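Analysis of the macromolecular model
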Amino acid sequence: MIKTRRWIFAAMALAVTTALVFRPGLPVSITPETRHVFGVIDSLAPGSVVMISFDHEASSLPEIGPLGSAIVEHCFRRGVDIVGLALFSEGTAAGYDLLSRRASVLGRVYGSDWIYLGFRPQYTAAILGMGESIAGVFSADYKGQPLGSTALGKRVRDYRDIALVVSLADGSMPTYWVEYAQARYHERIIAAVTAVMVTSYVPYIESRQLEGIVAGLKGAAEYEQLLGHPGAGMRGMDAQSAAHGLIAILIVAGNWQAWRLRRKRRTMEGASS
Amino acid sequence: MSWEISITAILTLAIYSFLAGDNPFYRFAEHLLVGLTIGYTLVVTVKSVIWPEAIQPIARGEVGAAIPLVLGALILLRLIPRWAGWSRIPLALIVGGGAGVAIPAMLKARVLDQMAATVAGASTWSGWFILIGVVTTLTYFVFTRAQTGGWGTSARLGRYFMMAFFGATFAYTVMSRVALLIGRLEFLLGNWLGLLRS
C-alpha cells in the first residue's frame, strides 16, 4: 500500500514537472464569475479606492499570490488607488511585498496611489471599527507614518470612501467581511479565495451578499487572460490540467481494480459454497 | 542564485521528504516552521499593535490606552493558579462582547439573508433547484421523525444534494492542493534550478 502511494506521488511529480517544463499551452476558458469580478473592477472610475485585505497565511501563496497580483495590477492599470491591510499576521509582509512590487513595476507612488495599513488582530473589531473611522483602527500605516500624513490616507475616512473591498483569503474571512462590512455598512465585497473555499462562498453570491468571487490558480489564470498579461496563473494551468488528468485516470483505475477484486472474491465464494 | 533561494529550496525538499516516511530532515523543517510562525506573529503583533497602539500612547500620557493592555495582561494570570480567577474579567468581556456583536450579525448574514435569497430566487429554474435542495436537505436533519414514506424520499433526495456538494468540495480541495504542489515545483524548477523558461 505504502509502495503504491509512493508511485502515485512520483507519477504526480512527473506529470506536473513535465507540464511545467514543456508547457503545451492548453486553452483556459473564462468563467462568468471571474468575468463579472473583472467587470466590477473595470467599471470603477480612476481615483476610486479599493481596499485589499490580505487575509491569508503564507502557505497559500502559490494560489493567492497570482490572484492578488492580477487584481492589484488591474487596479493600478485602471488608475484605481489601493488601501492594503492584513487581518492575518502571516499575510502582512506578503501583502506589502506584493503591492510594492506591482507598484514599482507600474510606476505607482506610495502615499498617493497606494498605502499599506499593516496588520490588526481581532478582525471583528477591525472590520466594524473601519466603518466608523479607518484612522481609529489604523492610526499609522505599515511604515509607522500617521495615516493623515499621506494624501490617500487623508482621503479614506471610512467605508463611504472605499468603492470595493477585496478579501484575498484562504479561510472564512470573507464571511466576516460580509457580516460586518456588507450587512452593516453596505460595502461591496469581492472574495478572492483559494479553490478549496469556493463551495463555502457560492451561497453568498447567489444571495448577492458578495459582489463576486474569483478563486484559485484557475481564477488567476482567467483574470490574467482578461488582463491580456499572462503570469503565474497561466503558467500553472498546464500543470493543473496534467495533474487533474492523472487523478481522473487513477480514480478510474482504482475503481476498476476494486470492481475486479470484488468480482473475483464473489466468484471464489460461489465456487467454495 | 541567492542563498535565500537555496535555503528555501532545501527546506521545501526537507518537508517533501515526509512522502518517503518520517525522518529527521522533515522534523527539523517542521519545527523550524512552527517556531518561525510563532516568532513572526509575535513580532508583527508587537510592532503593529502593542507598540503603536498601547506603549507609545501610554508614553505620551494617554492613560486610557493602558486599559486594554492591563486586561490583556490579566489573561496571562491564568498561568498562575493562585491568581487565575483574575483572568475571568477579560474573558467575560471578550465572550460577552463577542457574542453580542457576533450573534445578530451572523443571524442576519448567515440565516435571514440566506433564507430571503433562497425564497426570492425561486422565480428561476436554478432558484427552484436551490430551494428544493435546501428543503430536502433540512428534512434529512429532522431526527425526531422516522425517515419513511414521502418524508424519507425527501430526506434521501437531500442526501443526494449533500453528496453532490461533498463531491464538488472535494474536487475543489484537490484542485487547491495541486495548485500548492505546482507552486512549490515551479519554485524548485524555476527559481532554484533555472530549468523553466519565463
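Residues numbered from 1 in each chain as written. Chains lettered and ligands numbered in written order. Predicted model: local features only at pLDDT ≥ 70, side-chain atom pairs only at ≥ 80, totals over all residues.

Here the focus is the overall build of chain A. Looking only at helices and strands, chain A has eleven helices and six strands in total. In terms of principal-axis extent, the alpha carbons of chain A reach across some 85 × 40 × 30 Å. Sorting the 273 residues of chain A into buried and exposed places 47% on the buried side. (Helix = DSSP H or I, 4+ residues; strand = E, 2+ residues; numbered from the N terminus. Buried ≥ 20, exposed ≤ 12 C-beta atoms within 10 Å, placed from the backbone.)

Right, let's get into the overall build of chain B. If you tally the helices and strands in chain B, you get six helices and zero strands. Order of helices (α) and strands (β) in chain B, N terminus to C terminus: α-α-α-α-α-α. On the principal axes, the C-alpha backbone points of chain B span a range of 65 × 60 × 35 Å.

Let's shift gears to the pairing of strand 1 (residues 49–55) of chain A. Residue and element names in this part refer to chain A. The buried fraction of strand 1 amounts to six of the seven residues, a majority that puts the element mostly inside the structure. As judged from the five bridges shared by strand 1 and strand 2 (residues 81–86), these two strands associate in the parallel manner. In the sheet register, Val50 faces strand 2, and the bridge partner there is Ile82. After leaving strand 1, the chain enters helix 3 (residues 61–78) and then returns to the sheet as strand 2, a path that is right-handed. Examined bridge by bridge, strand 1 and strand 4 (residues 164–169) share six bridges and lie parallel to one another. Each residue of the ladder has a partner; that of Met51, found in strand 4, is Val165. (Pairing = 2+ DSSP bridges. Right-handed = clockwise from strand over helix to strand, strands pointing away.)

Quick look at the packing of helix 2 (residues 32–42) of chain A against helix 10 (residues 216–227) of chain A now. Residue and element names in this part refer to chain A. Where helix 2 meets helix 10, the axes come as close as 10 Å, and the angle between the chain directions of the two elements is 50 degrees. With respect to helix 10, the axis of helix 2 lies oblique. In this structure, the crossing between helix 2 and helix 10 has a hand that is right-handed. Mapping the contact onto sequence places Thr34, Arg35 and Phe38 in helix 2 and Gly219, Glu222, Tyr223 and Leu226 in helix 10. Grouping the constituent residues of the contact of helix 2 with helix 10 by class yields three nonpolar, two polar and two charged. (Axes fitted to C-alpha atoms, helices over the stretch in contact; angles between N-to-C directions. Parallel < 35°, antiparallel > 145°, perpendicular 65-115°, else oblique. Left-handed = near helix turned anticlockwise from the far one by under 90°. Contact = placed C-beta atoms within 7 Å. Nonpolar A, V, L, I, M, F, W, Y, C, P; charged D, E, K, R; others polar.)

Further remarks concern the interface of chain A and chain B. On the side of chain B, 40 residues touch chain A, which itself brings 40 residues to the contact. Counting residues per element, the ones that place at least two in the side of chain A that touches chain B are helix 1 (2–22), helix 3, strand 3 (114–119), helix 8 (173–185), helix 9 (198–206), helix 10 and helix 11 (232–272) of chain A. No other element matches the seven residues that helix 11 of chain A contributes to the side of chain A that touches chain B. Taken together, the residues that form the side of chain A that touches chain B break down as 20 nonpolar, 14 polar and six charged.

With that settled, the discussion passes to helix 11 of chain A. Residues and elements named next belong to chain A. Counted at 1.5 Å a residue, the expected span for helix 11 with its 41 residues is 60 Å, and the 59 Å between its end C-alpha atoms agrees. A bend of about 30 degrees at Asp238 is the largest found in helix 11. Within the span of helix 11, buried status applies to Ala232, Gly233, Met234, Arg235, Gly236, Met237, Asp238, Ala239, Gln240, Ala242 and Ala243. (Expected span 1.5 Å × (residues − 1). Bend = angle between axes of the 7 residues up to and from the residue.)

Turning to the confidence of the model for chain B, a few remarks are in order. Looking at chain B, the pLDDT average stands at 93 and 99% of residues meet or exceed 70. The ipTM value of the predicted complex is 0.88, and its pTM value is 0.90. (pLDDT = per-residue confidence, 0-100.)

All names here are of chain A. Packing of helix 3 against helix 10 leaves a shortest axis separation of 8 Å and a crossing angle of 25 degrees. It follows that helix 3 is roughly parallel to helix 10 by the angle criterion. Here helix 3 runs over helix 10; the crossing is left-handed. Contacts between helix 3 and helix 10 involve Glu63, Pro66, Leu67, Ala70, Ile71, Glu73 and His74 from the former and Gly216, Leu217, Gly219, Ala220, Tyr223, Glu224 and Leu227 from the latter.

Turning next to the pairing of strand 5 (residues 189–193) of chain A. Residues and elements named next belong to chain A. Counting buried positions along strand 5 gives five out of five residues, so the element sits mostly inside the fold. By the alternation rule, side chains of strand 5 split into Ile189, Ala191 and Val193 and Ile190 and Ala192, which are all buried. Traced from strand 4 through helix 8 to strand 5, the parallel crossover comes out right-handed. Strand direction decides the pairing type here: strand 5 and strand 6 (residues 212–215), joined by four bridges, are parallel. Among the inter-strand pairings, Ala192 is bridged to a residue of strand 6, identified as Val214. At this point the chain moves from strand 5, through helix 9, to the parallel strand 6, and the crossover so formed is right-handed.

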